[in-house]
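# Survey of secondary and tertiary structure
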Amino acid sequence: MPTYAAIANVETGQFQNAQELAAIWGDVRADLEAQDCDLRDAYVLLGERDVLLLFDAPDREAALQASIAAERYGIDMQTMEAMDVEKLGDIVEDL
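Residues numbered from 1 in each chain as written. Predicted model: local features only at pLDDT ≥ 70, side-chain atom pairs only at ≥ 80, totals over all residues. Heavy atoms only, no water.

## A look at the sheet that holds strand β3 (residues 51–56)
- Spatial ordering of the open sheet is given by β2-β3-β1-β4, a layout of four strands whose pairing is antiparallel. Two strands close off the open sheet at either side, each with one partner strand: β2 (38–44) and β4 (75–82). The average undirected angle you get between the axes of adjacent strands in this sheet is 20 degrees.
- Examined bridge by bridge, β2 and β3 share six bridges and lie antiparallel to one another. The residue bridging valine 44 from the neighbouring strand is valine 51, located in β3. (Pairing = 2+ DSSP bridges. Helix = DSSP H or I, 4+ residues; strand = E, 2+ residues; numbered from the N terminus. Axes fitted to C-alpha atoms, helices over the stretch in contact; angles between N-to-C directions.)

Dropping the structure here:
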């Protein structure tokens, strides 16, 4: 399955405190699984963005549906397809 990276911002005003925000991650994981996606890792970030999610999805449509589902929780996601650096080497060799 292709891997996707989603950087996200949490909309201010959606959550009263950090515990409330942490409580939704089980729901986000369930929504990813409902789209046949597998959450590999999730990170809280310091800087311009709040969260980084790495997940596998069967195709772009499933990745898009997972991103849209996360937005129900006040998470504004920008999702990108990710490629292993070793695969890049294989592609370059074929040129």
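Moving on, there is more to tell.
## Some remarks on the packing of aromatic side chains
- Under the counting rule described, the total for this entry stands at one aromatic pair.
- Relative to phenylalanine 55, the ring of tyrosine 4 lies with its centre 5.8 Å away and its plane at 25 degrees, an arrangement referred to as stacked. With tyrosine 4 in strand β1 (residues 3–10) and phenylalanine 55 in strand β3, this residue pair connects regions lying 51 residues apart in the sequence. The residues tyrosine 4 and phenylalanine 55 share a single accessibility class, namely buried. (Phe/Tyr/Trp six-rings, centres within 6.5 Å; stacked < 30°, edge-to-face > 60°. Buried < 20%, exposed > 50% of the residue type's maximum accessible area, 1.4 Å probe, protein only.)

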